[in-house]
Amino acid sequence: MLFFTPLLRIFARVMSYQQLWNRLAKVYGEGEAKAIARMVYEVRYGLSLSDLLMGRDASVPSDELEHIAQRLERHEPVQYILGETDFCGRTFQVNSHVLIPRPETEDLCRWILSSLNGQLSMVNGQRSMVNGQWSILNCLDIGTGSGCIAVTLAAELPGAQVTACDISEEALKVARENAHRHHVQLSFAQVDILSIAPSLWRGLGEAFTLIVSNPPYICHCEAAAMDANVLDHEPHTALFVPDDDPLLFYRAIATFGQQMLQPDGWLYFEINPIYANELRELLHIMSYHDIEIKEDQFGKQRFIRAQR
């Protein structure tokens, strides 16, 4: 019996993959619980699904895992707990100061890149328009958060100049770390797009070829339908707009674009499908043209672009 006692103590300090996902299934449902549990073991402990099936989860002490499980049971996003998430094939640092990048935003980046790659060619190591109208590709990401859009554009468009701005200095710290992690050069600016004076706009640099933004677009009246892991943990300043002015940020950014976009420059937005037609009309009134709305992978009107 003395021989088995140490082994029993070891097993008592271990939480298996199956035990973790069974516990989380009470909160998330079986499918999502399994995905979250796999992510925890893979990211935090370097164990693949094959490792888990071979029983190597028995080597993970349960003290930290118990703490992780408790946080997950309180609906804290697993990405914040692990401190990272994947976006467009890269791993990004995230924390509670920034939104967790969504698959829909990956679709926005892919739309931008596929569109630009059809218009641009490499000239002396930099991207130029085929017809020579744009001497250099100069991009601005407004409300950059983790920097996922800005970093992706900079990484996929060699030679482009990319500026990332946000109202939050804490968010910009995360974006800077992600730019460093992926070895891209970005310019950064702490800017409140709702109050920046026109005289200061030029301080962000020369006119931009492209402005992109995934701004706050959820009305407070929609909060009741949101998941607790989003509502209770992600930054509200990056999520919500007033119920009586759902196009607040789009109007401000489009006005900014009238001053700071080059002729024929592009404006790209991620949008709330509820207000897609209203936003289209707003951009038309503001003299933007070639306005196009694009659906996301779930068939919702999620993106819009327009040309100055």
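Since the model is a prediction, treat every value here as computed from it, not as a measurement.

1. With respect to the confidence of the model for the protein
Argument step 1. Residue-level pLDDT values for the protein average 86, and 80% of them are 70 or greater.
Argument step 2. Throughout residues 1-12 the model reports pLDDT below 50, and contacts reaching past four residues in sequence, or to other chains, amount to zero contacts.
Argument step 3. Predicted confidence is poor over residues 122-134, with pLDDT under 50, and the contacts of this stretch with residues over four places away or in other chains come to 39 contacts.

2. Description of the sheet that holds strand S12 (residues 289-295)
Backbone-to-backbone hydrogen bonds join strands into a sheet, with any given pair of strands oriented parallel or antiparallel.
Argument step 1. Spatially, S7-S6-S5-S8-S11-S13-S12 is the arrangement adopted by the seven strands of the open sheet, whose pairing is mixed. Strand pairing shows two members of the sheet lacking a second neighbour, strand S7 (187-190) and S12, which therefore form its edges. Across the sheet, the mean angle from the axis of one strand to that of its neighbour is 15°, orientation sign disregarded.
Argument step 2. Bridge analysis of strand S8 (residues 208-213) against strand S11 (residues 261-270) gives five bridges, and the strand direction is parallel. Within S11, the residue paired with Val212 across the bridge is Tyr268.
Argument step 3. Contacting strand S6 (161-166) and S7, helix H9 (residues 169-181) crosses the sheet at an angle of about 175° to S7.
Argument step 4. Where helix H12 (residues 248-260) meets the sheet, its contacts fall on strand S5 (138-142), S8 and S11, and the angle it forms with S11 comes to roughly 160°.

3. Brief notes about helix H13 (residues 276-285)
Argument step 1. Those residues of H13 that fall on the buried side of the exposure criterion are Ala276, Leu279, Leu282 and Leu283. Take H13 and look down its axis: the buried residues cluster within an arc of 120°, on one side only. When the buried face of H13 is taken as reference, the exposed residues oriented beyond 90 degrees from it are Asn277, His284 and Ile285.
Argument step 2. Summarising the contacts, the buried residues of H13 are in contact with H12, S11, S12 and strand S13 (301-307).
Argument step 3. In the segment just after H13, Ser287 is the residue with positive phi, at about 75°.

4. A word on the side chain of Asp107
Argument step 1. Tracing the chain through its elements places Asp107 in helix H7 (residues 103-117).
Argument step 2. Discounting residues that sit within four places of it in the chain, Asp107 has contacts with Asp296, Gln297 and Phe303.

Procedures and definitions
Residues numbered from 1 in each chain as written. Predicted model: local features only at pLDDT ≥ 70, side-chain atom pairs only at ≥ 80, totals over all residues. Heavy atoms only, no water. pLDDT = per-residue confidence, 0-100. Contact = heavy atoms within 4.5 Å. Pairing = 2+ DSSP bridges. Helix = DSSP H or I, 4+ residues; strand = E, 2+ residues; numbered from the N terminus. Axes fitted to C-alpha atoms, helices over the stretch in contact; angles between N-to-C directions. Buried < 20%, exposed > 50% of the residue type's maximum accessible area, 1.4 Å probe, protein only. Arc of directions from axis to C-beta.

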